[in-house]
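Residue-level structural notes
Given next are the chains, with one letter for each unit.
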Amino acid sequence: MQATAIAQPNIALIKYWGKRDIDRNLPAVGSISITLSELHTEVSVDLSGDQPVDVLIVNGEENQQMLPRLSACLDRVLGPTRPRANIQSNCNFPIAAGLASSASAFAATTLAAAGAANLSLSTQELARLAGASSGSAARSFYGGFAELRNTGDDIALTSLGDEESWPLQVVVAITESGPKATGSTEAMEISRKSSPFYDSWVSQQEQDLVLARDAIAGQDFTQLASIAEHNCLKMHSVMWASRPPMVFWNAATVQCLETLRRLQGEGCRVFFTIDAGPQVKAVCLPDDADSVRQALTATPGVLNVMMSRLGSAARLVQER
Ligand code: PMV
């Protein structure tokens, strides 16, 4: 009746932006991500109490704001007549700040809920359930490199290689620690309805996925860097051209891009990606990680720098 799961956030290199079916939370495009190792969310779900309502404790404090989404996630896994749950969540990085905290939180909650109820679900089934809560959460069920494909009326998760297959490093520059103003579901809908670039974003995604898939298979860093930066800037162009416009960047975000351009000019093997928040994720080869860390730490406006290797899939750590 009680289980604990750990999931790591994942960072998309080819981004998911836009929904095909809002009720089922199906993405309009496929995506490719890397799962991180040093950042994690640990979630315990306890179904043994006889309390009348779900209770959520996040990092030691009761949290009412995130409770409805987590309760809905438990309903999906366990059915609406499930017992009420005690949910404890601990996260070692800023929440809702564009660091994929929802991916790790919903992957861990889905897995812990299934574990607490003794359900044995396939990776595909877990990905589908977690993805219904947060599209990107589906990808945390594989370590290393994961691809989430849009199969028409469903999603399919595949592994493009585990965390040992190509040990890239990620340096995250935190430029703001507070939560973002617009949640991604609302922001994606604004883009779908109003951005003049939205249709071409969706129609070009398949060719970006092919290039990234080939780059990962051949461990071609230059090709992966080029397509990941292009795909990221294309997603942000869709956001910027939406009405109202959505600009998640701040001045330090741009300063980080300048730092990374300078490093690239000096021969450093690094590229950037940015999600729906102002943080910059620099992906690099292990030999270059130290220079990237030092350069981003010295960049004006950077509050903190986190380093991570590629990490493993979401997993149960304890069941009772
Ligand atoms: O899974 P959501 O609803 O948090 O959306 C994730 C959106 C991006 O992080 C911007 C892109 C992605 O593929 O992770």
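A brief report on the enclosed structure follows. Being a predicted model, the structure only gives us computed values, none of them experimental. (Residues numbered from 1 in each chain as written. Predicted model: local features only at pLDDT ≥ 70, side-chain atom pairs only at ≥ 80, totals over all residues. Heavy atoms only, no water.)

Some points on the environment of L99
Of note, L99 is situated in the loop between β9 (86-91) and α2 (101-116). Separated by 180 residues in the primary sequence, L99 and Q279 have C-alpha atoms spaced 7.3 Å apart. The residues contacting L99, other than those within four sequence positions of it, are P9, F93, P94, V172, I174, Q279 and K281. (Helix = DSSP H or I, 4+ residues; strand = E, 2+ residues; numbered from the N terminus. Contact = heavy atoms within 4.5 Å.)

Details of the site of the ligand
Every one of the 14 residues lining the ligand counts as a neighbour, but Y16, S134, S136, R139 and S184 are closest to it. At a separation of 2.6 Å, an oxygen atom of the ligand approaches a polar side-chain atom of S136. In isolation the ligand exposes 380 Å². Once the protein is present, 92% of that is buried. Its residues placed into classes, the shell around the ligand shows six nonpolar, five polar and three charged. (Near = heavy atom within 4 Å. Polar contact = N/O pair within 3.5 Å; in protein donor to acceptor, adjacent residues only side chain to side chain. Areas by Shrake-Rupley, 256 points an atom, 1.4 Å probe, with all protein chains shown as cover. Nonpolar A, V, L, I, M, F, W, Y, C, P; charged D, E, K, R; others polar.)

Description of the packing of aromatic side chains
Across all of its chains, the model carries four aromatic pairs by this definition. Geometrically, the ring pair formed by W240 and W249 is edge-to-face, given 5.4 Å between the ring centres and 70 degrees between the ring planes. Given a relative accessible area of 17%, W249 falls into the buried group. One aromatic cluster is present, built from ring pairs that chain together F145, W166, F221 and F271. (Phe/Tyr/Trp six-rings, centres within 6.5 Å; stacked < 30°, edge-to-face > 60°. Buried < 20%, exposed > 50% of the residue type's maximum accessible area, 1.4 Å probe, protein only.)

Focus on the sheet that holds strand β13 (residues 270-273)
If you trace the four strands from one edge of the open sheet to the other, you get β13-β14-β12-β15, paired in antiparallel fashion. Two strands in the sheet have a free side with no partner beyond their single neighbour: β13 and β15 (304-309). The mean inter-strand angle of the sheet, taken between neighbouring strand axes irrespective of direction, is 25 degrees. Here six bridges tie strand β12 (residues 169-174) to β15, and the two strands are oriented antiparallel to one another. Looking at the pairing, Q169 lines up with R309 of β15. Along the sheet, helix α6 (residues 221-240) makes contact with β13 and β14 (280-284), crossing β13 at roughly 20 degrees. Running at roughly 160 degrees to β13, helix α7 (residues 251-265) makes contact with β12, β13 and β14 of the sheet. (Pairing = 2+ DSSP bridges. Axes fitted to C-alpha atoms, helices over the stretch in contact; angles between N-to-C directions.)

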